[in-house]
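Letter by letter, the chains look like this.
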Amino acid sequence: MAAEIVALREQVRQLEASSRIDALTGYYNYRHLMEALAAEMERTRRSGVPTSVIMTDLDHFKQINDTYGHEIGNAALKQATRVWHAAIRQVDVACRYGGEEFVFILPGTRFGMATRAAERLRISLARTPLELDGSRLNLTASFGVAAYRRGEEMSVEGFIDRADRYVLQAKQAGRNQVAFDRSQLALQETAVSASEKALLTRITAAGDDEAPL
Amino acid sequence: MGTPPFTMCITSGKGGVGKTSLAVNLGAALTRTDRKVLIVDGDLGLANVDIFFGLSVDTNILDILANGSDPLACVSFPLDNLGVLPATSGVPEMVALGPGDQDKLGGYLQCLFDHFDLVLIDTAAGIGASVLWFNSFVGDNLVVLTPEPTAITDAYALVKVLSTEHRRHRFEIVVNQVADTEEGARVFHQFQMVAGSFLDVDLNHLGTVVSDPLVGKAVRRQKPFVLASHFGPAAQAVRRIAADLDPRVVTAAASV
Ligand SMILES: Nc1ncnc2c1ncn2[C@@H]1O[C@H](COP(=O)(O)OP(=O)(O)O)[C@@H](O)[C@H]1O
Ligand SMILES: [Mg+2]
């Protein structure tokens, strides 16, 4: 009797687990995404540490399917998710949102860091073409990044919507790019390179002495 | 049709560097040559042009969008030849102008501007959508910087974004809150060197405004310091900037 219950429990656990995993990509599915994101947003409300999400949509996926067929389409999805999986941290939660859309939850991650992570994801895919028999298929994706901060009134859906808006913006700006709300970042963080910054900070350091430039 | 006015954004990247103070006093100084001046408060989140003039306002720039108010009816005149289009303060959800709002507001503002010779737009800090939009909307861009690392780096970041993503390549630079004009010249020169090696921009050193306690005093009195009877070095500097700009206003008006 006891053994039966244990076996039954194990079965339920496996079923539960499998209903959270997307079979094709091995990423978490929509249901898990919503629950995990709700939990992370709750953590932000308690700890004050922001949660970030990166949403992405494979570029020209319909065209790939139409031109090469569904099998290659599926291979493209597998390739992209494999490349991204290698580029994210262990704590990040990779989910298939649906179709060729994916969401990465970055727990306890500030916005600036998330935008840089998205850029890494973008580059890693753009650099890894899908090898077909005798040819290569270049894959790219468009990314939107959003952060949830303590004190903001926002639902899980609203949070994903916010990231989705920037995916759309990235698509409209020509695809294969990362879009986000710049005004949410410190100005310098968005635009100024380290070498520019080094020269700029010397302007004030120069004092009345000889200009060092 | 009126002649198109001279329009200029006063912007900075960092807050608290003296944008509003410059906009208000430059505007006031320019009325001395009988120009009709409009100051638009483009700092939709932390609007305070009205406070600098001691105005009590009950209409603002967002009423134009929300209720279709007549833009000219939203303008207050603290001086005979100087109008202020105020913005509301502390209404965060109104700060972000969507693309549709921008087009609409742009149309209204264009009509309003025709009533004036010169329009100065005071902007918010940062590079939010409204800051970029106002800067793209006008003919000229004036960037205020102070000799402080974050002010310089933020000003540079704004110039970079405007030049690389919004096709603005000419900027007027005012160095504010320095000890003397030599420091202003040095800061401008070095800023220009860095910009020159990384960006496709043409910078013009429009002027230097030294630190002057009369600036803060004028804010507390809610009266532009260029109009105060006790005349300090900041007032002198701003009047000089106004005198340099004035001929360009004529050119703008004469070009049609
Ligand atoms: N040249 C100056 N000398 C002394 N104080 C100044 C000067 N310029 C600006 N300030 C002071 O700096 C503060 C910020 O100025 P403000 O015009 O409101 O900046 P911003 O609009 O860029 O945020 C004000 O208290 C103002 O009085
Ligand atoms: Mg201001």
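That block above? That's the structure.
Residues numbered from 1 in each chain as written. Chains lettered and ligands numbered in written order. Predicted model: local features only at pLDDT ≥ 70, side-chain atom pairs only at ≥ 80, totals over all residues. Heavy atoms only, no water.

Engineer: How should I be thinking about the sheet that holds strand β2 (residues 37-42) of chain B in this particular structure?
Structural biologist: To summarise the sheet geometry, strands pair through backbone hydrogen bonds and adopt either a parallel or an antiparallel arrangement. Residues and elements named next belong to chain B. The strand order across the open sheet formed by 8 strands is β3-β4-β2-β5-β1-β6-β7-β8, and the pairing between neighbours is mixed. Of all strands in the sheet, those bounded by a partner on one side alone are β3 (76-79) and β8 (202-210). Pairs of neighbouring strands in the sheet enclose a mean axial angle of 25°, with direction left out of account. Pairing geometry for strand β7 (residues 170-178) and β8, over 8 bridges, is parallel. (Pairing = 2+ DSSP bridges. Helix = DSSP H or I, 4+ residues; strand = E, 2+ residues; numbered from the N terminus. Axes fitted to C-alpha atoms, helices over the stretch in contact; angles between N-to-C directions.)

Engineer: Help me out: how do you make sense of the pattern of salt bridges in this one?
Structural biologist: Enumeration over the complete set of coordinates arrives at 20 salt bridges over all chains. A salt bridge links Arg-162 of chain A to Glu-152 of chain A; its shortest N-O distance comes to 3.0 Å. Taken together, the residues span a long stretch of sequence, with Arg-162 of chain A in helix α6 (residues 156-172) and Glu-152 of chain A in the loop between β6 (141-148) and α6 at a distance of 10 residues. Note that Arg-248 of chain B is salt-bridged to Asp-140 of chain B, the shortest N-O span being 2.7 Å. Of this pair, Arg-248 of chain B sits in helix α9 (residues 233-254) while Asp-140 of chain B sits in strand β6 (residues 140-145), and the two are 108 residues apart along the sequence. With relative accessibility at 15%, the residue Asp-140 of chain B sits in the buried group. (Salt bridge = Lys/Arg side-chain N within 4 Å of Asp/Glu carboxyl O. Buried < 20%, exposed > 50% of the residue type's maximum accessible area, 1.4 Å probe, protein only.)

Engineer: Would you mind going over the packing of helix α4 (residues 70-87) of chain A against helix α5 (residues 111-126) of chain A with me for this structure?
Structural biologist: In a packed pair of helices, the relevant descriptors are the angle between the two axes and the axis-to-axis distance. All names here are of chain A. Interhelical geometry of α4 versus α5 gives an angle of 135° and a closest axis separation of 9 Å. The orientation of α4 with respect to α5, classified from their angle, is oblique. Crossing of α4 over α5 shows right-handed handedness. Counting all contacts with α4, which are made through Ala-80, Val-83, Trp-84 and Ala-87, the residues of α5 involved are Leu-121, Ser-124 and Leu-125. For the contact of α4 with α5, the per-class residue count stands at 6 nonpolar, 1 polar and no charged. (Parallel < 35°, antiparallel > 145°, perpendicular 65-115°, else oblique. Left-handed = near helix turned anticlockwise from the far one by under 90°. Contact = heavy atoms within 4.5 Å. Nonpolar A, V, L, I, M, F, W, Y, C, P; charged D, E, K, R; others polar.)

Engineer: Looking at this structure, I do not really get empty space enclosed by the protein. What am I missing?
Structural biologist: Take a probe with the size of a water molecule and roll it over the atoms, and the empty space left behind shows itself. Residues and elements named next belong to chain B. Across all of its chains, the model carries 1 cavity of 30 Å³ or more by this definition. Every element with two or more residues in the lining of the largest cavity is listed here: α1 (19-30) and α8 (213-221). When grouped by side-chain class, the residues that make up the lining of the largest cavity number 7 nonpolar, 2 polar and 1 charged. (1 Å grid on protein atoms, 1.4 Å probe; cavity = no way out; pocket = protein on both sides within 12 Å on 5 of 7 lines; lining within 4 Å. Points joined across faces, edges and corners; volume = space filled by probe spheres on them.)

Engineer: Sorry, what's going on with the packing of helix α5 (residues 129-137) of chain B against helix α6 (residues 149-165) of chain B here?
Structural biologist: Residue and element names in this part refer to chain B. α6 packs onto α5 with a crossing angle of 60° between their chain directions and a minimal axis gap of 11 Å. Relative to α6, the element α5 lies oblique. Considering how the two elements wind past one another, α5 and α6 form a crossing that is right-handed. Together, Val-131, Leu-132 and Asn-135 of α5 and Leu-158, Val-161 and Leu-162 of α6 make up the contact between the two elements. Taken together, the residues of the contact of α5 with α6 sort by class into 5 nonpolar, 1 polar and no charged.

Engineer: Would you explain the packing of aromatic side chains in this entry?
Structural biologist: Each pair of aromatic rings is reported with the distance of its centres and the angle of its planes. Enumeration according to the criterion identifies 13 aromatic pairs over all chains in this entry. Centre to centre, the rings of Trp-84 of chain A and Phe-143 of chain A are 5.8 Å apart; their planes meet at 75°, and the pair counts as edge-to-face. On the criterion of sequence distance, the pair formed by Trp-84 of chain A in helix α4 and Phe-143 of chain A in strand β6 is long-range, its members being 59 residues apart. Each of the two residues, Trp-84 of chain A as well as Phe-143 of chain A, counts as buried. Relative to Phe-191 of chain B, the ring of Tyr-156 of chain B lies with its centre 6.1 Å away and its plane at 85°, an arrangement referred to as edge-to-face. In this pair, Tyr-156 of chain B is assigned in helix α6 and Phe-191 of chain B in helix α7 (residues 181-198), connecting sequence segments 35 residues apart. Residues Tyr-156 of chain B and Phe-191 of chain B agree in their burial class; the two are buried. (Phe/Tyr/Trp six-rings, centres within 6.5 Å; stacked < 30°, edge-to-face > 60°.)

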